[in-house]
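Understanding the architecture of this molecule
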Amino acid sequence: RPIPTMERNLPNILVTGTPGTGKTTTSEMIANVTGLQHINVGDLVKTKQLHEGYLAEFDTHILDEDKLLDEMEDMVKDGGKVVDFHTCEIFPERWFDLVLVLRADTQPLYDRMEKRGYNQRKLQENIECEIMQVVLETARESYAQEIVIELPSNTVDDMESNVDRVNRWIEAWKTQHGK
Ligand code: ADP
Ligand code: MN
């Protein structure tokens, strides 16, 4: 299927995955190495109040998707953004040139979430989500197959090699697009 493209000077990258897989850490590292700008969507939702309230039972905010997309449209239009969010299907396909889905094994994921103080329910939910590959499958349904890349994120070495790979990918993108 044809990929709708926008004219950008730099690519936009979506970094997605189950909570705790390392999206924020990896995105910050990508931003540091490449000069792309990190957008932590979860933080944006909270600081700009792009939600319709808080669901205590699930310890989560109910997204106001229209408000969020309106807020982000201008940010992504010139490219050069690393967008970090656990939900990937809400964004327009045309926004992204690369979609990274971070993956972690049950044990490290469990340890990271426990360290964060997640309640047992949220912990179980996220572990199940990761085992069932929910984010990966959703990403594959929402974006062109060839731009969706699954990356292991179990160790610091994994993270470093992921960042290195993205850096090389960006350089190749620039060459390909005459930038
Ligand atoms: P996310 O943004 O996906 O919820 P974070 O980037 O906040 O995940 O990472 C959660 C915790 O796990 C942090 O303390 C981070 O240092 C650690 N972590 C994440 N990815 C890795 C990794 N690949 N190797 C080691 N520690 C990691
Ligand atoms: Mn995060």
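Bear in mind that the values here come from a model prediction, so they are computed numbers and not experimental data.

This part takes up the overall build of the protein. Regarding its fold elements, the protein presents seven helices and seven strands. The helix and strand sequence of the protein, counted from the amino end, reads β-α-β-α-β-β-α-β-β-α-α-α-β-α. If one aligns the C-alpha atoms of the protein with their principal axes, the spans along those axes are about 50 × 35 × 30 Å. Per-residue burial over the protein gives 44% buried out of 179 residues. Pairs at least 24 residues apart make up 74% of the contacts formed inside the protein by residues separated by at least 6 positions. Total accessible area computed for the protein in this model is approximately 9600 Å², and 47% of it derives from carbon and sulfur atoms.

The next point concerns the sheet that holds strand β7 (residues 148-152). Overall, parallel pairing links the five strands, which are arranged β2-β5-β1-β6-β7 in an open sheet. The open sheet has two free edges, formed respectively by β2 (37-40) and β7, since each of these has just one partner strand. Between one strand axis and the next, the sheet turns by 20 degrees as a mean value, whatever way the strands run. For strand β1 (residues 13-16) and strand β5 (residues 81-84), the ladder comprises three bridges, and the chain directions are parallel. The partner of I13 across the bridge, within β5, is V82. Sitting on the sheet, helix α7 (residues 156-176) touches β1, β6 (98-103) and β7, and the angle it makes with β7 is about 155 degrees.

It is worth spelling out the confidence of the model for the protein at this point. Across the protein, pLDDT averages 95, with 97% of residues at or above 70. When mean pLDDT is taken per element in the protein, β6 scores highest with 99 and strand β4 (residues 60-63) scores lowest with 88.

Let's shift gears to the site of ligand 1. Of all residues adjacent to ligand 1, which total 14 residues, the nearest are G20, K23, T24, T25 and R116. Here R116 contributes a side-chain N or O atom positioned 2.5 Å from an oxygen atom of ligand 1. Contact distances for ligand 1 include 3.0 Å between a nitrogen atom and a side-chain N or O atom of S153. Relative to its unbound accessible area of 560 Å², ligand 1 is 75% covered by the protein chains. Elements with a minimum of two residues in the shell around ligand 1: α1 (23-34) and α7. Considering every element that reaches the shell around ligand 1, the biggest residue donor is α1, with three residues. A per-class count over the shell around ligand 1 returns three nonpolar, eight polar and three charged.

About the cut-offs
Residues numbered from 1 in each chain as written. Chains lettered and ligands numbered in written order. Predicted model: local features only at pLDDT ≥ 70, side-chain atom pairs only at ≥ 80, totals over all residues. Heavy atoms only, no water. Helix = DSSP H or I, 4+ residues; strand = E, 2+ residues; numbered from the N terminus. Buried < 20%, exposed > 50% of the residue type's maximum accessible area, 1.4 Å probe, protein only. Contact = heavy atoms within 4.5 Å. Areas by Shrake-Rupley, 256 points an atom, 1.4 Å probe, with all protein chains shown as cover. Pairing = 2+ DSSP bridges. Axes fitted to C-alpha atoms, helices over the stretch in contact; angles between N-to-C directions. pLDDT = per-residue confidence, 0-100. Near = heavy atom within 4 Å. Polar contact = N/O pair within 3.5 Å; in protein donor to acceptor, adjacent residues only side chain to side chain. Nonpolar A, V, L, I, M, F, W, Y, C, P; charged D, E, K, R; others polar.

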